[in-house]
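# Summary of structural features
The primary structure of each chain is shown beneath.
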Amino acid sequence: MALLHPVIVQATAKHTASLIFLHGLGDTGHGWSAGFEEIKMPHVKYICPNAPTNAVTLNHGFKMPSWFDIKSLQFSEEDEAGIKDSAVKIKAIIEEEIKNGIPSNRIVLGGFSQGGALALYTAFTMEKPLAGILALSSWLPLHQSFPQALKGNKDIPILQCHGTIDPVVNVTFGEMTATVLSKLCSNTSFRNTAD
């Protein structure tokens, strides 16, 4: 499962930090890069990877951009191999930024929905410290593998935001993730539309 070339919003001043942001199911990096063009900070490079096209069980096997298979919206049966494979690919993007001179603690990893889930899993299963994690309308995949799977990034800032009327990923999963993160991590914040 190869990633397609990421959409990149280049820094307009000296590049000293990076944000890697992962789109949700059925979307592409283009869907988020336009927003980052509008709000960009001049020293930040915004990297919006594109997930490969895969069959998604939840959508009757229809092929679409997907970081991993989703079998149901209850997340009781998860695509462990797909999640781990995608995490390796995202870690490779982080390593490429480090190789290009950006320290890991100047890289934020974030995402929306399925992308946010992958961002959380990836950050927690890597040892190099990141600057922070941003998870929008997400959940922690393979949550039962924690705390054993936790390798790092438990003390960096983590911002979770979730809409209370999200029609796809119910806010309950965001709240349950926030509860798990509050036990694993020291600097977490959860916001929903009621805050």
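Residues numbered from 1 in each chain as written. Predicted model: local features only at pLDDT ≥ 70, side-chain atom pairs only at ≥ 80, totals over all residues. Heavy atoms only, no water.

### A look at unusual backbone geometry
- The linkage connecting Phe146 with the following residue, Pro147, adopts the cis geometry, with an omega of 10 degrees.
- Take Pro147: it is sitting in the loop between strand E7 (132-136) and strand E8 (158-162).
- One non-glycine residue, Ser113, lies in the positive phi region at around 55 degrees.
- With respect to the helices and strands, Ser113 occurs in the loop between strand E6 (107-112) and helix H3 (114-124).
- If you check the backbone angles, Leu142 has positive phi at about 50 degrees while not being a glycine.
- Residue placement: Leu142 occurs in the loop between E7 and E8.
- Accessibility expressed as a relative area gives 11% for Leu142, which makes it buried. (Helix = DSSP H or I, 4+ residues; strand = E, 2+ residues; numbered from the N terminus. Buried < 20%, exposed > 50% of the residue type's maximum accessible area, 1.4 Å probe, protein only.)

### Describing the UniProt feature "domain: Phospholipase/carboxylesterase/thioesterase" (unreviewed entry) in the protein
- This chain's UniProt record puts "domain: Phospholipase/carboxylesterase/thioesterase" (unreviewed entry) on residues 5-192.
- Annotated as residues 5-192, this span is 29% helix and 25% strand, and its ends, taken at the C-alpha atoms, are 32 Å apart. (UniProt positions renumbered as here; feature names shortened; annotations may be inferred.)

### Let's talk about the pattern of salt bridges
- Taken as a whole and judged by the stated rule, the model has eight salt bridges.
- We note a salt bridge from Glu37 to Lys40, for which the minimum N-O separation is 3.2 Å.
- Note on Glu37: relative accessible area 39%, which makes it partly exposed.
- Measuring nitrogen to oxygen at the nearest pair gives 3.0 Å for the salt bridge that ties Glu97 to Lys45. On the criterion of sequence distance, the pair formed by Glu97 in helix H2 (residues 80-99) and Lys45 in strand E3 (residues 44-50) is long-range, its members being 52 residues apart. Here Glu97 matches Lys45 in class, with each residue buried. (Salt bridge = Lys/Arg side-chain N within 4 Å of Asp/Glu carboxyl O.)

### With respect to the pairing of strand E2 (residues 17-22)
- The element E2 is largely enclosed, with a buried count of six among its six residues.
- Neither face of E2 is exposed, since Ala17, Leu19 and Phe21 on one face and Ser18, Ile20 and Leu22 on the opposite face are all buried.
- Both E2 and E3 contribute to a ladder of four bridges, which runs parallel. The residue bridging Ala17 from the neighbouring strand is Val44, located in E3.
- For the segment spanning E2, helix H1 (residues 30-39) and E3, crossover handedness is right-handed. (Pairing = 2+ DSSP bridges. Right-handed = clockwise from strand over helix to strand, strands pointing away.)

### Observations concerning the packing of aromatic side chains
- The final tally for this structure, using the stated rule, is seven aromatic pairs.
- On the basis of an interplanar angle of 70 degrees and a centroid distance of 5.4 Å, the ring pair of Phe21 and Phe36 is categorised as edge-to-face. Of the two residues, Phe21 is situated in strand E2 and Phe36 in helix H1; the sequence distance between them amounts to 15 residues. Here Phe21 and Phe36 have matching classes, each one buried.
- An angle of 75 degrees between the planes, with centres 6.1 Å apart, marks the rings of Phe124 and Phe146 as edge-to-face. (Phe/Tyr/Trp six-rings, centres within 6.5 Å; stacked < 30°, edge-to-face > 60°.)

### Quick look at H3
- Along H3, 11 of the 11 residues are buried, which leaves the element largely enclosed by surrounding structure.
- For H3, the elements touching its buried residues are E2, H2, E6, E7, E8 and helix H4 (171-184). (Contact = heavy atoms within 4.5 Å.)

### A few points about the pairing of E8
- Side-chain alternation along E8 places Ile158, Gln160 and His162 on a buried face and Leu159 and Cys161 on a face that remains uncovered.
- Where E7 lies against E8, four bridges are found, and the strand directions are parallel. Following the sheet pairing, Ala135 is matched in E8 by Gln160.
- Across five bridges, the pairing between E8 and strand E9 (residues 188-192) is parallel. Of the residues in E9, the one forming a bridge with Ile158 is Thr188.
- In this view, the connection linking E8 to its parallel neighbour E9 by way of H4 has right-handed handedness.

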